[in-house]
Amino acid sequence: MKTIDWKTAIRNGLVGGVIALYFSMIGMVEAFSGRNLIGDFFNMGHLLLFGGVLAAGILTARAHKEASVGINAFSSLVAGLAAGIPTTLLILLANNVELQSVFVSVNRTLLALLTFERGMSGLGLFFLATSLIALAGGLYDSLPGVYKRTLGLSLSVVVVVAVFSNIVTQIMTTLFGRPSVRLILDGDALKPLSAAVLFVVLTGIFILREQRRVKAEKLVASGAAAIESKRASLQRQVILFVGIGILLLIAPYVLGSFLSQVLFEVGRFVLLGLGLNIVVGYAGLLDLGYVAFFAFGAYTMGILTTTGPLNQGGGLFNFWLALPIVVLVSVFFGIMLGFPVLRMRGDYLAIVTLGFGEIIRILALSDWLRPIMGGAQGVLAIPSPVFFGIKLDSPEKMYYLVLAGALLVAFVSIRLRDSRLGRQWMAMREDEDVAEAMGINLVQTKLLAFAIGAGFSGLGGAIFAARLGNIFPHSFNLLISINALSLIIVGGLGSIPGVIVGAIALVGLPELLREFQEYRLLMYGILLIVMMLNRPEGFLPAEVFKRELHAEEAELPGAEA
Amino acid sequence: MFKKTLARLSWVDIFLRVLQLVAAIVIVYGLVTTFTTARYSSEQWATLAFAGLAQGSIYALIALGYTLVYGILLMINFAHGEIYMAGAFSTVFLAMYFDRNGFLASNPLVAIIVLILFSAAISSGIAILLERIAYRPLRNAPRLIPLITAIGASFLLQYTFRGLFGSQFRSYPEVSILRGTWTILGFNVPIVQPVVFLAAVSLMITLYWYVERTKAGRAMRAVSEDKAVARLMGVDIDKVIVSTFALGGALAGAAGVFNGLFRPQGVFFLMGFFPGIKAFTAAVLGGIGNIPGAMFGGLLLGLIESLGPNAVLEGLGIPAANQLKDAIAFTVLVLILIFRPQGIFGERLAEKKA
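Residues numbered from 1 in each chain as written. Chains lettered and ligands numbered in written order. Predicted model: local features only at pLDDT ≥ 70, side-chain atom pairs only at ≥ 80, totals over all residues. Heavy atoms only, no water.

Each helix and strand counted, chain B has 14 helices and two strands in total. Rg of the C-alpha trace for chain B: 21 Å, near the compact-globule value of 20 Å for 354 residues, within the 12% margin. On the principal axes, the C-alpha backbone points of chain B span a range of 75 × 65 × 40 Å. Burial statistics for chain B: of 354 residues in total, 55% are counted as buried. (Helix = DSSP H or I, 4+ residues; strand = E, 2+ residues; numbered from the N terminus. Rg over C-alpha atoms; globule rule 2.2 N^0.38 Å. Buried < 20%, exposed > 50% of the residue type's maximum accessible area, 1.4 Å probe, protein only.)

Shown next, in the form of structure tokens:
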């Protein structure tokens, strides 16, 4: 293509601009602009505002693949100019009409931000910014492959480090003391100099790695290093595992109380996710009422061990004695709720289980069951577990409990997956009718999936109740189910490492960005959609699913479900 | 082998049969105790019933959106409740504006029609966008995937609207001509209830006529029967699907305004969740994919929900039964799906495998 493709350029630019407009109008730009990333000139609001524009620039240049650098650059410049239009219209409109009484986020702060605090003369500045950024994207896309990869990677790493600077702060404080932090950070933001140094160092490392990889590929191609590299990779795996193990054990000491709490949350959702993974990932039964079993676990633990008036255990139970009972109760309810839905599939199962979850929550909240479950007041004064004389009452200590639980559940999950039962689940997931014809007892297999999933969830609930000390019906809403479901999907259905990665990404990282809690569910929504559209198998997919989804793609178009 | 299968199946059947029996006994016992103790007067029952019909007609309008989309794509548009919310929430600002400048008081009929059209336009716009961005690329994907996308879309819409319009509750202005009561069958009924009911029913009849009698409706039915053959007959499948989403969205938007007239309070970004689930229940109750079924299911669910707490639960001696109102809809859903998954009018489910 020799000439510039105006239509693509303008369309991409407008899409990028509409993304910027969207984030501005829902208030995210303003909320995120309070958090500086590098110095005080680049903040998270800019990331939202110009991310889409940058992507538009890159994509536009990519659409002109065979063209010269000049045409690439010019086309992305056009896209950048187009990207400025939607936001500019908003600014013009907001200056003439009172919008804030309807669109609560379109306020003076936002307008000041969009015009770089320069009033109407800032309008031109906004256009300049979008064009320059899109141009940068276009030029970036014209770089040769190696540089493109390494520069892009190190730039993203710098941004990620800046976004999660509180981890950096915490680790550096523990290791080198507080003053060291001020060397590289300015408040929460990276100092421009340290960002630049980090960028250069990372780029250097990545280029070296790239060169080594090319060399290694040549070696592999010659076939000489095949055996050698296999042994090396085994060694590397062992080292990796030992390293991760040590890191997990010392984590609370390095990370401090707040980050331990975050780790506890991650662990709790790993537990939930692994349980749900058995039901959804292995057995293919989409359960949206999974929170019900979590609630059963928490309430059973609460009622058995509380020192308050709701105690039904007669003072006999401590955490450890109650734990087996909690799991049994959850398993029992798993079977009871599994029974009626044995004949249902897919969407219907999802909605009915969602109904179950809501019924349980509404019942827990009602006056009717107040004598047992405490109604809206919940169950109070649940004692912390005591482990050989150590009271597990801080996040650091509870972390070990949840870690032990997660490891146990992960181990059981792996064993189950490779067992006869696991293969039956997967057969059932692929096709119930065929599975039944092969002699699989569907009733038993399904009920076992529900029961085991419920047991894991109940365990998570019990630990949750013991950690918080007080439980309320409001803690057991649909969002927990959705959270657990999202994390196993993002991680990769049926994949155990996927559950862990998903929990870190969807539970851990948002906890670190507490300031932006308001927009957490919005991000989930976007993530779920984008994930399903582009990578339905998740980040760390299980082999079977990857194969299945790619088979679907290979199917002839027009073959409807 | 066959004998074993039979024995195993009947075991589940026995369990379900017992469950059915228990449910029936509980309901009948509750009804009997309530009516033998004569806790409420017929006046009170009538009040509940009329409110239930008005609420039910709103459910029915939303349920039509589920049913239309399901009929064509065999997909449950989980985000449909949010499409309803989008219309209702956006229109509340226009309604407030009309109230401030006196248009609502001087020309109430015109104003309400404008509100309904506006809300329908917003909702159907959102529905079309959703189909274009989120559902169309997944048309041939395994069934779990569009469902998860829909859950994502549901959150995206909720929190987008929260970001746009804020998280506080808004309420529709009161319309003066809808104040006061009519006397129907000797009972005093607030005017707004029969008005909402009649308006909703006339919309449904229009829809039924559209689907059964017009060319576009015939195309819609053809696509729902068999996409491949419909394509061969020259039907533009994409266009039909888009228009189905648009139609379902428009009905949901209209339902949003009716809801605002009937229950002015409580307009906020999460308002779509319960109506969405309940309308889905209504659609299943009538037989999903079946248009008259959705209308009937909606009305029935409205009645059950409004009469149920007093008629059944209080009879069982449950205190503060109205707290469990939302649980009733879910219980109906669960019971229907267990005992008659094809719904009251439906037969198609059995063939197409839920």
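With that settled, consider the overall build of chain A. When helices and strands are tallied, chain A shows 23 helices and six strands. When the 561 residues of chain A are sorted by exposure, 51% land in the buried category. In chain A, the proportion of contacts linking residues at least 24 apart, taken out of those at least 6 apart, comes to 75%. For chain A, the computed accessible surface area is about 25900 Å², with 69% contributed by carbon and sulfur atoms. (Contact = heavy atoms within 4.5 Å. Areas by Shrake-Rupley, 256 points an atom, 1.4 Å probe, with all protein chains shown as cover.)

Moving on to the confidence of the model for chain B. Residues and elements named next belong to chain B. The share of residues in chain B with pLDDT of 70 or more is 93%, and the mean pLDDT across the chain is 83. Taken element by element, chain B is modelled with least confidence in helix 14 (residues 348-352), mean pLDDT 45, and with most confidence in helix 5 (residues 108-135), mean pLDDT 91. Long-range and interchain partners of residues 349-354, a stretch whose pLDDT sits below 50, account for 14 contacts in this model, where long-range means more than four residues apart. (pLDDT = per-residue confidence, 0-100.)

What follows deals with the domain arrangement of chain A. Segmentation of chain A into domains returns domain 1 (6-219) and domain 2 (258-477). Put simply, the middle of domain 1 of chain A and the middle of domain 2 of chain A, counted by C-alpha atoms, are 42 Å apart. (Domains from an automatic or database assignment.)

The next subject is the interface of chain B and chain A. Opposite the 65 residues of chain B that make contact, chain A presents 61 residues. Both sides of the chain B and chain A interface together cover about 5700 Å² of buried area, and 75% of this is carbon and sulfur. At the junction of chain B with chain A, the criterion picks out one salt bridge. Along the contact surface separating chain B from chain A lie four residue pairs in polar contact (both at pLDDT 80 or more). (Buried area = accessible area lost by both parts, 1.4 Å probe. Salt bridge = Lys/Arg side-chain N within 4 Å of Asp/Glu carboxyl O. Polar contact = N/O pair within 3.5 Å; in protein donor to acceptor, adjacent residues only side chain to side chain.)

What follows deals with a positive patch on the surface. Residue and element names in this part refer to chain A. Where like charges cluster on the molecular surface, the positive patch consists of Arg212, Lys215, Lys218 and Arg236. With three residues, helix 10 (residues 192-222) is the single largest residue contributor to the positive patch. Position of Lys218 among the secondary structure elements: in helix 10. Judged by relative accessible area, which is 59%, Lys218 ranks as exposed. (Patch = residues over 30% accessible without salt bridge, like charges linked within 9 Å, V, L, I, M, F, W, Y side chains within 5 Å. Lys, Arg positive; Asp, Glu negative; His and termini not counted. Charge placed at Lys NZ, Arg CZ, Asp CG, Glu CD.)

With that settled, the discussion passes to the environment of Gly125 of chain B. Its location among the elements puts Gly125 of chain B in helix 5. Along the sequence, Gly125 of chain B and Phe245 of chain B sit 120 residues apart, while their C-alpha atoms lie 9.1 Å from each other.

The relative placement of two aromatic rings is captured by the distance of their centres and the angle of their planes. Residue and element names in this part refer to chain B. With the rule as written, the count across this model stands at 28 aromatic pairs over all chains. Relative to Phe280, the ring of Tyr66 lies with its centre 5.6 Å away and its plane at 70°, an arrangement referred to as edge-to-face. Taken together, the positions of Tyr66 in helix 2 (residues 42-73) and Phe280 in helix 11 (residues 273-286) put the pair 214 residues apart, joining distant regions of the chain. Note on Phe169 and Phe268: the rings are 4.3 Å apart at their centroids and 20° apart in plane angle, and the pair reads as stacked. You can see Phe169 sitting in the loop between helix 6 (144-165) and strand 1 (181-184) and its partner Phe268 sitting in the loop between helix 10 (237-262) and helix 11, a full 99 residues away along the chain. (Phe/Tyr/Trp six-rings, centres within 6.5 Å; stacked < 30°, edge-to-face > 60°.)

Residues and elements named next belong to chain B. Across four bridges, strand 1 lies against strand 2 (residues 187-190) in antiparallel orientation. Paired with Thr181 across the two strands is Pro190, which belongs to strand 2. The antiparallel pairing of strand 1 with strand 2 creates a hairpin that spans two residues between the two strands, and Leu185 there sits at a positive phi of about 55°. (Pairing = 2+ DSSP bridges.)

Before going further, it helps to spend a moment on the nonpolar core. Judged by nonpolar contacts, the single largest core of 266 residues is most densely connected at Trp425, Ile471 and Phe476 of chain A together with Leu64, Phe89 and Phe258 of chain B. Among the elements that take part in this core, helix 11 (residues 226-282) of chain A stands out by supplying 16 residues, more than any other. Counting the residues that make up this core, at least three belong to each of domain 1 (6-219) and domain 2 (258-477) of chain A. In this view, Trp425 of chain A contacts Ile278, Tyr282, Ala283, Leu416, Thr445, Leu448, Ala449 and Ile452 of chain A; residues no more than four positions away in its chain are not counted. (Core = buried A, V, L, I, M, F, W, Y, C linked by side-chain atoms within 4.5 Å.)

Right, let's get into helix 13 (residues 325-339) of chain B. The terminal C-alpha atoms of helix 13 of chain B, which comprises 15 residues, lie 21 Å apart, in line with the 21 Å expected from a rise of 1.5 Å per residue. Within helix 13 of chain B, burial applies to Ala327, Ile328, Ala329, Phe330, Val332, Leu333, Val334, Ile336, Leu337 and Ile338 of chain B. (Expected span 1.5 Å × (residues − 1).)

Residues and elements named next belong to chain A. In this structure the tally under the stated criterion is 15 salt bridges over all chains. Taking the shortest distance from any N to any O, the salt bridge between Asp418 and Arg417 comes out at 3.2 Å. Owing to a relative accessible area of 28%, Arg417 belongs among the partly exposed residues under this scheme. Across the salt bridge formed by Lys446 and Glu432, the nearest N and O atoms sit 3.2 Å from each other.

On to unusual backbone geometry. Phi at Leu74 of chain B is positive, roughly 50°, even though this residue is not glycine. Checked against the element boundaries, Leu74 of chain B lands in the loop between helix 2 and helix 3 (80-100).

Glancing now at a nonpolar patch on the surface. All names here are of chain A. Together, Trp6, Ile10, Leu14, Phe74, Ile85, Leu89, Leu92 and Met120 make up a nonpolar patch on the protein surface, roughly 700 Å² of accessible area in all. Elements represented by at least two residues in the nonpolar patch include exactly helix 1 (6-25) and helix 4 (69-96). The element best represented in the nonpolar patch is helix 4, accounting for four residues. The topology assignment puts Leu89 in helix 4. For Leu89, a relative accessible area of 53% corresponds to the exposed category.

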